[in-house]
Amino acid sequence: MSSVQQEPKDTSKWLDAHYDPVANLYTFSSCITLSDLHGDGENKLVVGDLGTGVCNMKLKVYRGTGLLSESTLLDLPTGLVSFLMDLHEPRTPAIAVASGPFIYIYKNLRPYFKFTLPSLEVNPLEQDVWSQAKEDMIDPMTLKEMLEGLRDKADIPLSVRSLRFLVLEPQEMENFVNLHKDQPIRRQTVITCISTLKKNMADEDAVSCLVIGTENGDVYILDPEAFTILYKMSLPSTPTLMDVTGQFDVEFRVTVACRNGNIYILRRDSPKPKYCIELSSHPVGLVRIGKNVILGCSQETLHSYTQKGKKLWTTYLPAAVTTMALMDLPSRGFQAVLVALANCEVHVYKDKNLTSTIKTPDVVTSICFGRYGREDGTLIMTTKGGGLIVKILKRTAVFDDRDSTPGPPIAQSIRLNVPKKTKLYVDQTLRERESAVAMHRTFQMDLSRMRLAAARAYVKALESSLTPMSASLSEPLKMNAVVQGLGPSFKLTLNIQNTASSRPVMNLAISFLYDETLYSMRTAFFKIPLLVPGLNYPIDTFVECLSDKGISDIIKVFVLREGKSSPLLTAHINMPVSEGLALN
């Protein structure tokens, strides 16, 4: 026994109840469940232990931290579920263990019933070949050649007997034929996944049917009492993961992840898949929350889809997914997804938001959340090295809705409420599609005209020196004007600067052009001193407004050079309305 190291942020949410690194448990999430086996209100942990993969397969039951019982299994378990098979008192659930082509039913931890999958159709040509071998009409080498031809061309796969015969060495073939030629040929499929489906009520203690997926792509629903096949559905590939919701007598949906990398959704009214979700990589985990399906893929991604196959969001993970499970707390109305990763972490996702991270001492291979003993929020994990970890969620634990990982805000993932397309929009779209060439030509013509008008205005401004900067390379000047005052007297300040790198400018003058009936200036023409590069020269003059009608006009400023008829710079000053005369 030892303690599990946790990050400070998770210490406030989880209690370390138990950790046994040498529990010798080797299993997957499909072979672990929590169930009240004795009807005493105390849930036990039921595990289908894989052992070494060849031997020592066992059905183990834990109560608290100790092993309550164990039973030997004849073959590797592929799935394990707990279900109520009848209404008899006391209401104790049964355990169904899928192993090979069989389902072993345990009642009160004792063997109760064994269900066998129906045999598949045998290739008639294969039967004829073995009949000839039985009558010694062909030798083993000829039998091998004929079976190899059937294997490559036949629509119906070969039986296990023929496949085993094809991999034998030549010296072993004759003994194999003599041993098996008198026995009938049977082709048997195996169970790949198992789940439960409520029969006619959605109550927690309602009778449930078994739902199984097989290697040949069939899905069977079994009666819980007689264990007869109630319904059969077919898939285009072998199912590997399964989630079932609804009631058999009312309506149900079966969400299946298949070996071809697709997700199929089956419904009661159709023996074939109703919807198909095509993924870019193979799914390794499947969890349903409400009407949405959460998928963990081999490319270190977590996807969410609706039950009709519409993609909602994608989250990228720091490592590969090893297993997934549902975290359901009905007392708090909280549902999340537990995702175990190959970097020894377990992430808790609420929608696409990471709400908690749990560090583990080893890679988690199976995970289960639910009521264990008398604790509702218990997290049970087994590790790659055979360890068992039990954690209890604190009653004071709070899971924030915001994402704890750095990245874009939550609001960025909220879909915009885009209005539906109106008839006007559709009509305009059709018009644009039909008149695309003419509209493009009109646009190009208007664009060319606008460019021509802009070029003409620019040339005119350069020729008349209407720009605030000089276009002359010999006198590179810059000027701006500031008007101060409320009126009727205004102070007009001109800031002139020589933008040359090292050459001064001289022999310049400033002249003003204005309406003499509106304004008067003390000095309308004066010379500018030598302009040193880089310095700002403020030149002040006063303007007197003569009108009392509350009107204003433009005063034009010209920077002149001796010996040249065109100005170097021109500025138009929009004079403000004289507030002084208006008040008088």
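None of the values given here were measured: they were computed from a predicted structure.

Cut-off values and rules
Residues numbered from 1 in each chain as written. Predicted model: local features only at pLDDT ≥ 70, side-chain atom pairs only at ≥ 80, totals over all residues. Heavy atoms only, no water. Axes fitted to C-alpha atoms, helices over the stretch in contact; angles between N-to-C directions. Helix = DSSP H or I, 4+ residues; strand = E, 2+ residues; numbered from the N terminus. Parallel < 35°, antiparallel > 145°, perpendicular 65-115°, else oblique. Contact = heavy atoms within 4.5 Å. Nonpolar A, V, L, I, M, F, W, Y, C, P; charged D, E, K, R; others polar. Salt bridge = Lys/Arg side-chain N within 4 Å of Asp/Glu carboxyl O. Buried < 20%, exposed > 50% of the residue type's maximum accessible area, 1.4 Å probe, protein only. UniProt positions renumbered as here; feature names shortened; annotations may be inferred. Domains from an automatic or database assignment. Phe/Tyr/Trp six-rings, centres within 6.5 Å; stacked < 30°, edge-to-face > 60°. Lys NZ or Arg CZ within 6 Å of the ring centre and 35° of its normal.

A. Focus on the packing of helix α2 (residues 124–134) against helix α3 (residues 140–153). The contact between α2 and α3 brings their axes to 10 Å, and the two run at 180°. As summarised for this structure, α2 and α3 are arranged roughly antiparallel, according to the angle between their axes. Residue-level inspection shows L125, E126, V129, W130, Q132 and A133 of α2 in contact with α3, the latter providing L143, M146, L147 and L150. Classifying every residue of the contact of α2 with α3 gives eight nonpolar, one polar and one charged.

B. Broad picture of the pattern of salt bridges. All told, the structure shown has 15 salt bridges when counted by the stated rule. With a shortest N-O distance of 3.1 Å, D49 and K60 are connected by a salt bridge. In this pair, D49 sits in strand β3 (residues 44–49) while K60 sits in strand β4 (residues 58–63), placing the two residues 11 residues apart along the sequence. Given the relative accessible area of 8%, K60 is considered buried. Its salt-bridge partner being D243, residue R288 comes within 3.2 Å of it at the nearest N-O pair. Of the two residues, R288 sits in strand β18 (residues 283–289) while D243 sits in strand β14 (residues 239–247), which places them 45 residues apart along the sequence.

C. Here's a closer look at the UniProt feature "domain: Bardet-Biedl syndrome 1 protein GAE" (unreviewed entry) in the chain. Taking the numbering used here, the UniProt-annotated feature "domain: Bardet-Biedl syndrome 1 protein GAE" (unreviewed entry) corresponds to residues 477–579. Secondary structure across residues 477–579 comprises 1% helix and 53% strand; the distance between its end C-alpha atoms is 34 Å.

D. Highlighting the environment of Q183. In this structure, Q183 sits in the loop between α5 (170–180) and β10 (191–198). Here the alpha-carbon distance between Q183 and W130, two residues 53 residues apart in the chain, equals 9.9 Å.

E. Geometry of the domain arrangement of the chain. For the chain, the assigned domains are domain 1 (14–119 + 189–393), domain 2 (124–181) and domain 3 (477–574). Centre-to-centre, using C-alpha coordinates, domain 1 lies 39 Å away from domain 2.

F. Expanded view of the packing of aromatic side chains. A full pass over the atoms with the stated rule returns six aromatic pairs. Judged by centre distance (5.9 Å) and plane angle (15°), the ring pair of F248 and F252 falls under stacked. Note on F248: relative accessible area 9%, which makes it buried. The exposure class assigned to F252 is buried, which follows from its relative accessible area of 1%. When the centroid spacing of 6.0 Å and the interplanar angle of 50° are considered together, the rings of F512 and F526 count as tilted. With a gap of 14 residues between them, F512 in strand β31 (residues 508–513) and F526 in strand β33 (residues 525–528) connect regions that are remote in the sequence. With a relative accessible area of 6%, F512 lands in the buried category. According to the relative accessible area criterion, F526 is buried, its value standing at 16%. Residue placement shows K114 over the ring face of F102; its charged tip is 4.5 Å from the ring centre. Here the guanidinium or amino end of R268 rests over the ring plane of F248, the centre of that ring lying 5.1 Å away.

G. The UniProt feature "domain: Bardet-Biedl syndrome 1 N-terminal" (unreviewed entry) in the chain, seen in detail. The feature "domain: Bardet-Biedl syndrome 1 N-terminal" (unreviewed entry), as given by UniProt, occupies residues 14–267 in the numbering adopted here. With 17% helix and 41% strand, the stretch residues 14–267 has end C-alpha atoms that lie 39 Å from each other.

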